[in-house]
Amino acid sequence: MGLLCGRDLVFGFLLFCALSPVSVGLAAPCAFPAIYNFGDSNSDTGGISAAFVPISAPYGEHFFHKPAGRDSDGRLTVDFIAERLKLPYLSAYLNSIGANYRHGANFATGGSTIRRQNETIFQYGISPFALDMQIVQFDQFKARTADLYNQVKGTPEADKLPRPEEFSKALYTFDIGQNDLSVGFRLGPDQLKAALPDIVNQLAAAVKHLYEQGGRSFWIHNTGPFGCLPVNLFYVSNPPPQGYLDELGCVKAQNEMSVEFNRQLKDRVTKLREELKEAAVVYVDVHAAKHGLIANAKRLGFADPLKVCCGYHVKYDHIWCGNKGKVNGSEIYGGSCKDPSVYASWDGVHYTEAASKWVADQTQNGSLTDPPTRITQACHRL
């Protein structure tokens, strides 16, 4: 059912997937006490804002009515995961102001990669907090909060700390890999393709480490259709007439590399499931959901999915979302569109809240997961 729906989504049979329940037996819902998330800007809830320059308006204003550390107009898929599990939104690990870690923590930062990169955030926006560093931060978080909890147990301070015995009962989520592709495209397709096995193996090593630390429930997103990010077309005014773009108007070679990354990731996750005998490891096909949204945008009530809501991008002039610049001597502000809810792309790189909610709805019911698993039942090994 899950794989069939994934193919159907790509070819446009969206309603079938949205309405068809996935049978996972009579398993009881999981009482996840916490979520620990690892990733990049697709799931960062304030990490990169705390570590570097804060994300400014109009980011966050559609839902939070102010910047909220998210690269979107509002909520991200990870926020909808928290809502579905009836848990609070995750505080970023790097955010020391007003954070509450009682029900988990978010180690994701915008620009993060699976593999460490030999460049700085000031060059191409790549975060210094690659996945291996996020795992180091988790280890420190787990050890230090356990020590602190034992000191303050029974006081109000304990209400903002995780319970040491709940780490084994938490859901561990991953949404990372897009920036590894971005770096790879700058280096060249051959070098990127050669690196893919190591990239997916490093993600697998992170999962195995968390398993050794007691983690038992893993929810692993693949990566979306990279070639459909509008940013990839900003500087291509006259694409070659044959073979450069696919049937959706996306960069064909980039989308093909995304598919290959996902194929290798899925194979590695399948092996992980065999290696981690006590774990429930779920592969989540967000690529199918995002591709389906882009392919069927008009029918779903969205505007052209290759157009952006926030920013000014006209011919050769590009002013990014929230920034100011001059065009023909006049100052232009890269502001938000009037109604972000009808756009799929927020700023050319990141999705709007409306798109993220649609992706969350398609993936959390189990129709696009392997094995078919509702997120509320993701603690059960199938």
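Residues numbered from 1 in each chain as written. Predicted model: local features only at pLDDT ≥ 70, side-chain atom pairs only at ≥ 80, totals over all residues. Heavy atoms only, no water.

- In the nomenclature of an unreviewed UniProt entry, the protein chain corresponds to GDSL esterase/lipase from the organism Linum tenue.
- According to the UniProt record, the Sequence similarities (unreviewed entry) comment for the protein chain reads "Belongs to the 'GDSL' lipolytic enzyme family." (UniProt positions renumbered as here; feature names shortened; annotations may be inferred.)

1. Some details on the sheet that holds strand β4 (residues 217–221)
Part 1: A sheet is described by the order of its strands in space; here 6 strands give the open sequence β2-β1-β3-β4-β5-β10, paired in mixed fashion. Both edges of this open sheet fall to β2 (104–106) and β10 (369–370), since each of them pairs with a single strand only.
Part 2: Where strand β1 (residues 35–39) meets strand β3 (residues 171–175), 5 bridges bridge the pair, whose relative direction is parallel. Across the sheet, Asn-37 pairs through a bridge with Thr-173, a residue of β3.
Part 3: Relative to the sheet, helix α6 (residues 131–152) contacts β1, β2 and β3, its axis offset from that of β1 by approximately 155 degrees.
Part 4: Seen against the sheet, helix α10 (residues 252–275) touches β4, β5 (280–284) and β10 and runs at an angle of roughly 170 degrees to β5. (Pairing = 2+ DSSP bridges. Helix = DSSP H or I, 4+ residues; strand = E, 2+ residues; numbered from the N terminus. Contact = heavy atoms within 4.5 Å. Axes fitted to C-alpha atoms, helices over the stretch in contact; angles between N-to-C directions.)

2. Focus: the side chain of Thr-145
Part 1: Residue placement: Thr-145 occurs in helix α6.
Part 2: A relative accessible area of 8% means that Thr-145 is categorised as buried.
Part 3: Residue contacts for Thr-145: discarding those within four places in its chain leaves Leu-161, Pro-162 and Phe-167. (Buried < 20%, exposed > 50% of the residue type's maximum accessible area, 1.4 Å probe, protein only.)

3. Let's talk about the state of the cysteines
Working definition of a disulfide: a covalent bond connecting the sulfur atoms of two cysteines.
Part 1: By the definition in use, this model includes 4 disulfides.
Part 2: The disulfide that involves Cys-228 links it to Cys-250, with 2.1 Å between the sulfurs. Between Cys-228 and Cys-250 the disulfide shows an S-S torsion of about 100 degrees. By sign, it is right-handed. Of the two residues, Cys-228 sits in the loop between β4 and α9 (231–234) while Cys-250 sits in the loop between α9 and α10, which places them 22 residues apart along the sequence.
Part 3: Given a relative accessible area of 3%, Cys-228 falls into the buried group.
Part 4: Residue classification places Cys-250 among the buried positions, given a relative accessible area of 0%.
Part 5: Paired by a disulfide, Cys-309 and Cys-337 hold their sulfur atoms 2.0 Å apart. Between Cys-309 and Cys-337 the disulfide shows an S-S torsion of about -90 degrees. By sign, it is left-handed. Separated by 28 residues along the polypeptide, Cys-309 in the loop between α11 (286–295) and β6 (312–314) and Cys-337 in the loop between β9 (330–333) and α12 (353–364) bring together distant segments of the chain.
Part 6: Residue Cys-309 is classed as buried on the basis of its relative accessible area of 4%. (Disulfide = S-S within 2.5 Å.)

4. Points about the packing of aromatic side chains
Part 1: Under the counting rule described, the total for this entry stands at 23 aromatic pairs.
Part 2: Taken together, a centroid distance of 5.1 Å and an interplanar angle of 15 degrees make the contact between Tyr-36 and Phe-167 stacked. Placement of the pair is Tyr-36 in strand β1 and Phe-167 in the loop between α6 and β3, with a sequence separation of 131 residues. Residue Tyr-36 shares its accessibility class with Phe-167, and that shared class is buried.
Part 3: Arranged with centres 5.7 Å apart and planes meeting at 35 degrees, the rings of Tyr-172 and Phe-218 form a pair that is tilted. Remark: Phe-218 occurs in strand β4 and Tyr-172 occurs in strand β3; sequence separation between them is 46 residues.
Part 4: The buried category is assigned to Tyr-172, whose relative accessible area is 1%.
Part 5: Assessed through its relative accessible area of 0%, Phe-218 is described here as buried.
Part 6: Each member of the aromatic cluster is reached from another via a ring pair, and the members are Tyr-36, Phe-38, Tyr-93, Tyr-101, Phe-107, Phe-138, Phe-141, Phe-167, Tyr-172, Phe-174 and Phe-218.
Part 7: Sitting above the plane of the Phe-63 ring, Arg-75 keeps its charged end 3.9 Å from the centroid. (Phe/Tyr/Trp six-rings, centres within 6.5 Å; stacked < 30°, edge-to-face > 60°. Lys NZ or Arg CZ within 6 Å of the ring centre and 35° of its normal.)

5. Comments concerning a nonpolar patch on the surface
Part 1: On the surface, Phe-52, Val-53 and Phe-122 cluster together to form a nonpolar patch covering roughly 360 Å² of accessible area.
Part 2: Structurally, the position occupied by Val-53 is in the loop between α3 (47–51) and α4 (77–84). (Patch = residues over 30% accessible without salt bridge, like charges linked within 9 Å, V, L, I, M, F, W, Y side chains within 5 Å. Areas by Shrake-Rupley, 256 points an atom, 1.4 Å probe, with all protein chains shown as cover. Salt bridge = Lys/Arg side-chain N within 4 Å of Asp/Glu carboxyl O.)

6. Structural notes on the pattern of salt bridges
Part 1: Under the defined criterion, the tally for this structure stands at 14 salt bridges.
Part 2: Two residues, Glu-166 and Arg-102, come together in a salt bridge whose shortest N-O distance is 2.9 Å. Of this pair, Glu-166 sits in the loop between α6 and β3 while Arg-102 sits in the loop between α4 and β2, and the two are 64 residues apart along the sequence.
Part 3: With relative accessibility at 17%, the residue Glu-166 sits in the buried group.
Part 4: A relative accessible area of 16% places Arg-102 in the buried class.
Part 5: Put simply, Glu-275 and Arg-268 hold a salt bridge, and the shortest N to O gap is 3.5 Å.

7. Some remarks on α11
Part 1: Extensive coverage of α11 is indicated by the burial of 9 of its 10 residues.
Part 2: Where α11 is concerned, the buried positions are Val-286, His-287, Ala-288, Ala-289, Lys-290, His-291, Gly-292, Leu-293 and Ile-294.

8. Overview of the confidence of the model for the protein chain
Part 1: On average, the protein chain scores 93 in pLDDT, and the residues at 70 or more come to 93%.
Part 2: A low-confidence stretch, residues 1–23 (pLDDT under 50), is modelled with 48 contacts involving residues beyond four sequence positions or located in other chains. (pLDDT = per-residue confidence, 0-100.)

9. Here we look at α12
Part 1: Relative to the 16 Å expected for 12 residues at 1.5 Å per residue, α12 spans 16 Å between its end C-alpha atoms, a close match to the ideal helical length.
Part 2: Judged by how many residues are buried, α12 sits mostly within the fold: 9 of 12 residues are covered.
Part 3: Just past α12, the residue Gly-366 takes up positive phi, approximately 90 degrees. (Expected span 1.5 Å × (residues − 1).)

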